[in-house]
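# Structural overview for review
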Amino acid sequence: MSRARTVLGPVLAIGLALALTGCALFSKPGSDDLDLAFEGQTTFSERDLFRVLAVPLADFAKTAYRKSAIDDMAYEVERHYNAEGFPFATVAYDYDEPTGTRQKPRAVLRIVEGP
């Protein structure tokens, strides 16, 4: 009986880890606290841009200055494009607070990769 428990524990732990990894692979990256979209990007995928914003998105729920946080996200994406060889890239954004029908704030980062 104790041998079964000894084997069963690690097997369940591995199964749980694989299940959680699968959920992360198939879910949309981003934040549960913000509906974020990108427009205009052709070089980098949406997933790439969400990776660039991993830390700012994680911090979004903690800030009292949400519009400022969105401004910082736009700047981070612009810096990423600049670092990757797009010196004229610009990022603007639209930001809307939650409404009666929409529970989360919404932001759209509008990217112009350059000439």
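Now for a description of the structure that goes with this document.

Analysis parameters
- Residues numbered from 1 in each chain as written.
- Predicted model: local features only at pLDDT ≥ 70, side-chain atom pairs only at ≥ 80, totals over all residues.
- Heavy atoms only, no water.
- Pairing = 2+ DSSP bridges.
- Helix = DSSP H or I, 4+ residues; strand = E, 2+ residues; numbered from the N terminus.
- Axes fitted to C-alpha atoms, helices over the stretch in contact; angles between N-to-C directions.
- Contact = heavy atoms within 4.5 Å.
- Salt bridge = Lys/Arg side-chain N within 4 Å of Asp/Glu carboxyl O.
- Buried < 20%, exposed > 50% of the residue type's maximum accessible area, 1.4 Å probe, protein only.

What follows is about the sheet that holds strand β1 (residues 35–39). Reading across the sheet, the three strands line up as β1-β3-β2 and stay open at both edges, with mixed pairing between neighbours. The sheet is open, and its two edges are formed by β1 and β2 (90–96), each paired on a single side. Taking the axes of each pair of neighbouring strands and ignoring which way they run, one obtains an average angle of 20° across the sheet. Taken together, the seven bridges between β2 and strand β3 (residues 106–112) define a ladder with antiparallel strand orientation. The residue of β3 that forms the bridge with Ala92 is Arg110. Each of β1, β2 and β3 touches helix α4 (residues 66–83); the most contacted strand, β2, lies at about 155° to it.

Below, the discussion takes up the pattern of salt bridges. Tallied over the entire structure, the rule returns five salt bridges. Here Arg79 ties to Glu76 by a salt bridge, and the two come within 3.3 Å at their closest N and O atoms. Of the two residues, Arg79 and Glu76 are both situated in helix α4; the distance of three residues between them amounts to about one turn of the helix. For Arg79, a relative accessible area of 44% translates into the label partly exposed. Residue classification places Glu76 among the partly exposed positions, given a relative accessible area of 27%. Here Asp94 and Arg110 are joined by a salt bridge, their closest N and O atoms 3.0 Å apart. Pair noted here: Asp94 is in strand β2 and Arg110 is in strand β3, with a separation of 16 residues, a long-range link. Taking relative accessible area as the criterion, Arg110 reaches 31% and is therefore assigned partly exposed.

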